[in-house]
Amino acid sequence: MSEETPESERIERTDIGASIEARLKRGTDTRDEDTVTIKGKGATAEEAAAEFEYLLEKYEAEYSDRCRNIQPRRKDSR
């Protein structure tokens, strides 16, 4: 008795267009560091820049304070 195996599908990735990326790091101590990567993509450089601006504004407005407020607990804290 032999089982038929389905043919493998090949997926090719092609990057067309433009992208812009920024990596932000806050803090210097090992346990007091935040790292964020924001990347905008688009068919043109203008579209990529517009998406990047949108994502950066969204991060600043919604996520930066929330992430900053998540602090590791100190050993001497209870």
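This text goes with the structure placed above it.
Being a predicted model, the structure only gives us computed values, none of them experimental. Along each chain, numbering runs from 1 in the same order as the chain's sequence is written. Since the coordinates come from a predicted model, pLDDT governs what is reported: local features require at least 70, and pairs of side-chain atoms require 80 or more to be given and counted, while whole-chain, interface and lining totals use all residues. Note that the side-chain values use all heavy atoms of the structure and ignore hydrogens as well as water.

*Asks:* Mind showing me how you'd approach the overall build of the chain here?
*Replies:* For helices the rule is a DSSP run of H or I covering at least 4 residues; for strands it is a run of E covering at least 2, with both sets numbered from the N terminus onward. Within the chain, the secondary structure is distributed over 1 helix and 2 strands. Reading the secondary structure of the chain in the N-to-C direction produces β-β-α. In these tables, accessible area is a Shrake-Rupley quantity obtained with a 1.4 Å probe, and a residue counts as shielded only by the protein chains included in the view. Element-wise, carbon and sulfur atoms account for 46% of the exposed surface of the chain, whose accessible area totals about 7600 Å².

*Asks:* How should I be thinking about the environment of glycine 27 in this particular structure?
*Replies:* If you trace the backbone, glycine 27 turns up in the loop between β1 (18-26) and β2 (34-42). Using a 1.4 Å probe on the protein chains alone, a residue whose accessible area is under 20% of its type maximum counts as buried, one over 50% counts as exposed, and one in between counts as partly exposed. Assessed through its relative accessible area of 27%, glycine 27 is described here as partly exposed. Residues glycine 27 and arginine 68, 41 residues apart in the sequence, show an inter-C-alpha distance of 9.9 Å.

*Asks:* Teacher, can you tell me more about the pattern of salt bridges here?
*Replies:* When the charged atoms of two side chains with opposite charge come close together, those side chains can pair. Put simply, a salt bridge is a Lys or Arg side-chain nitrogen that is within 4 Å of an Asp or Glu carboxyl oxygen. Using the criterion set out here, one finds 3 salt bridges in the structure. The shortest N-O distance in the salt bridge between arginine 23 and glutamate 21 comes to 2.8 Å. Among the salt bridges present, the one from glutamate 21 reaches lysine 39, with a minimum N-O distance of 3.9 Å. On the criterion of sequence distance, the pair formed by glutamate 21 in strand β1 and lysine 39 in strand β2 is long-range, its members being 18 residues apart. One continuous salt-bridge network, built from bridges that share partners, spans Glu21, Arg23 and Lys39.

*Asks:* Would you explain helix α1 (residues 45-69) in this entry?
*Replies:* One full turn of an α-helix is made of 3.6 residues, so residues set three or four places apart face in the same direction. Counted at 1.5 Å a residue, the expected span for α1 with its 25 residues is 36 Å, and the 34 Å between its end C-alpha atoms agrees. Values of bend correspond, residue by residue, to the angle between axes fitted over the seven residues ending at that residue and the seven starting there. At tyrosine 63, α1 shows its strongest bend, of approximately 50°. Listing the buried residues of α1 in full gives Ala48, Phe52, Tyr59 and Ser64. For this analysis, residues touch if any pair of their heavy atoms sits within 4.5 Å. The inward-facing, buried residues of α1 abut β1 and β2. To estimate the expected span of a helix, subtract one from its residue number and multiply by 1.5 Å.

*Asks:* What is the right way to look at the pairing of β2 in this model?
*Replies:* Looking along a regular strand, one sees the side chains alternate between the two faces of the sheet. Burial of the side chains of β2 is restricted to one face: Asp34, Val36, Ile38, Gly40 and Gly42 are buried, whereas none of Thr35, Thr37, Lys39 and Lys41 on the reverse face is. Pairing of β1 with β2, which is carried by 9 bridges, proceeds in the antiparallel orientation. Bridge pairing in β2 places serine 19 opposite lysine 41. In this analysis, strands are considered paired if DSSP registers two or more bridges between them.

*Asks:* Help me understand the environment of isoleucine 38 in this model?
*Replies:* Along the chain, isoleucine 38 falls in strand β2. Taking the relative accessible area as the measure of exposure, isoleucine 38 reaches 5% and is therefore buried. As for isoleucine 38 and isoleucine 20, which are separated by 18 residues in sequence, their C-alpha atoms are 8.3 Å apart.

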